[in-house]
Amino acid sequence: MVHPTAIIHPKAQIGADCEIGPYCVIGEHVELGPGCRLYSHVVIDGHTRLGQGNEIFPFASIGLRTQDLKWKGGLTRTEIGDHNTIRECVTIHSATGDGEATVIGSHNNILASSHIGHNIVIGNHAIISMAGLAGHVVVEDFAVVGGMTGVHQFCRIGKMSIVGGCSRIPQDVAPFMLVEGNPAETRMVNKIGLERNGVPAEAQAALRQAHKILFREGLTTSNALARIEQEVALLAEIQYLVQFVRTSERGVIK
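All figures in this text were calculated on a predicted structure; none of them were measured in a lab. (Residues numbered from 1 in each chain as written. Predicted model: local features only at pLDDT ≥ 70, side-chain atom pairs only at ≥ 80, totals over all residues. Heavy atoms only, no water.)

A look at helix H4 (residues 236–246)
Next, step 1: For H4, the set of buried residues is Glu237, Ile238, Leu241, Val242, Phe244 and Val245. Mapping the buried residues of H4 onto a view down its axis gives an arc of 165°, with all of them on the same face.
Next, step 2: At its buried positions, H4 is contacted by strand E23 (156–157), strand E26 (177–181), helix H2 (201–215) and helix H3 (221–231). (Buried < 20%, exposed > 50% of the residue type's maximum accessible area, 1.4 Å probe, protein only. Helix = DSSP H or I, 4+ residues; strand = E, 2+ residues; numbered from the N terminus. Arc of directions from axis to C-beta. Contact = heavy atoms within 4.5 Å.)

In structure tokens, the structure reads:
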């Protein structure tokens, strides 16, 4: 299942039942798990490992050297899980520092022309839609990043949040929330995302209450979190939200 025009280094490890299309280039230190499909003109290089069942579309570039000017050499890695869809012209760069890695989980959908920078960590079931993620960004499980969005270095996109298209993200996006705009604002609870992911009605109501306290009443973050802990049922989702905001280093988009 390898097209004769594909160039595969003899030391690359190719799993069973992989399909490698025309003009793909696979480097020496690449590992492809079983059942991966590379359509055509895909380049995978560096110390890069993909799990099983990943689908990679034309002109994607994975695992090449970071664009970070702090790069001084060393061994860096790109680690990708299982059953991800990586669409046309996506770039996924390796990490910057020796021994570091760019890490992507499983069941993610990375849409055309998205850029995944160095040292990024993406969880599972995320959707990145033609967005640019700068270095050291964290995208948590089930998050959605809309088209033409730019995410600043070291920001976190919280679990089950959604970022609207054409947004500028200079700070963390709180989990379970909908953020949109330039400058970005937290508009409301991500109601559709919560429903799709089976979050119970009780938890959704608690998140709406927490959203009002945290984002609509003009309180300092510390005072808002204290009120949430006093007034809102401390369900698992509320505890997660409070801990995320409390540990934010860049601050959360209000």
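Brief notes about H2
At 3.6 residues per turn, the α-helix brings residues three or four places apart onto the same side.
Next, step 1: Taking 1.5 Å of rise per residue, 15 residues should cover 21 Å, and H2 covers 21 Å from first to last C-alpha, within 8% of that figure.
Next, step 2: All of the buried residues in H2 are Ala203, Gln204, Ala206, Leu207, Ala210, His211, Ile213, Leu214 and Phe215.
Next, step 3: The elements touched by buried residues of H2 are E26, strand E27 (184–189), helix H1 (191–196), H3 and H4. (Expected span 1.5 Å × (residues − 1).)

A short note on the sheet that holds strand E17 (residues 121–122)
Next, step 1: The eight strands are arranged E2-E5-E8-E11-E14-E17-E20-E23 in an open sheet whose pairing can be described as parallel. Edge positions in the sheet fall to strand E2 (13–14) and E23, since each has one partner strand and no second. (Pairing = 2+ DSSP bridges.)

A short note on the packing of aromatic side chains
Next, step 1: If you walk through the whole model with that rule in mind, you get two aromatic pairs.
Next, step 2: Ring centres of Tyr39 and Phe57 lie 4.3 Å apart, and the angle between their planes is 25°; on these two criteria the pair is classed as stacked. Of the two residues, Tyr39 sits in the loop between strand E6 (37–38) and strand E7 (43–44) while Phe57 sits in the loop between strand E9 (55–56) and strand E10 (61–64), which places them 18 residues apart along the sequence.
Next, step 3: Taking relative accessible area as the criterion, Tyr39 reaches 24% and is therefore assigned partly exposed.
Next, step 4: It is Arg156 that lies over the ring of Phe244; its NZ or CZ is 3.8 Å from the centre.
Next, step 5: Seen from the ring of Tyr240, Lys159 lies directly overhead, with NZ or CZ sitting 3.9 Å from the centre. (Phe/Tyr/Trp six-rings, centres within 6.5 Å; stacked < 30°, edge-to-face > 60°. Lys NZ or Arg CZ within 6 Å of the ring centre and 35° of its normal.)

Points about the pairing of E26
Next, step 1: Note: strand E24 (residues 162–163) against E26, two bridges, orientation parallel. Along E26, the bridge assignment pairs Ile162 with Leu178.
Next, step 2: With five bridges joining them, E26 and E27 adopt antiparallel strand pairing. Residue pairing in the sheet places Val179 in a bridge with Thr186 of E27.
Next, step 3: The hairpin turn running from E26 into E27, its antiparallel successor, is two residues long.

A short note on the layout of surface pockets
Next, step 1: Considered as a void within the structure, the largest pocket measures approximately 220 Å³ in volume.
Next, step 2: In terms of lining, the largest pocket is formed by 15 residues, of which the most central are Val144, Ile162, Asn190, Gly193 and Arg196.
Next, step 3: When residues of the lining of the largest pocket are assigned to their parent elements, the largest contribution, four residues, is made by H1. (1 Å grid on protein atoms, 1.4 Å probe; cavity = no way out; pocket = protein on both sides within 12 Å on 5 of 7 lines; lining within 4 Å. Points joined across faces, edges and corners; volume = space filled by probe spheres on them.)

Observations concerning the sheet that holds strand E25 (residues 168–169)
Next, step 1: Read across the open sheet, the nine strands follow the order E1-E4-E7-E10-E13-E16-E19-E22-E25; overall the sheet is parallel. In this open sheet, the two strands that pair with only one neighbour each are strand E1 (7–8) and E25.
Next, step 2: By the bridge criterion, three bridges tie E10 to strand E13 (residues 91–93) in an arrangement that is parallel. Considered in E13, the bridge of Leu64 is made with His93.

Here's the deal with the environment of Val103
Next, step 1: Mapping Val103 onto the fold places it in strand E14 (residues 101–104).
Next, step 2: Given a relative accessible area of 31%, Val103 falls into the partly exposed group.
Next, step 3: Here the alpha-carbon distance between Val103 and Ala143, two residues 40 residues apart in the chain, equals 16 Å.
Next, step 4: Those residues in contact with Val103, other than ones at most four positions away along the chain, are Glu79, Ile120, Val121 and Ile122.

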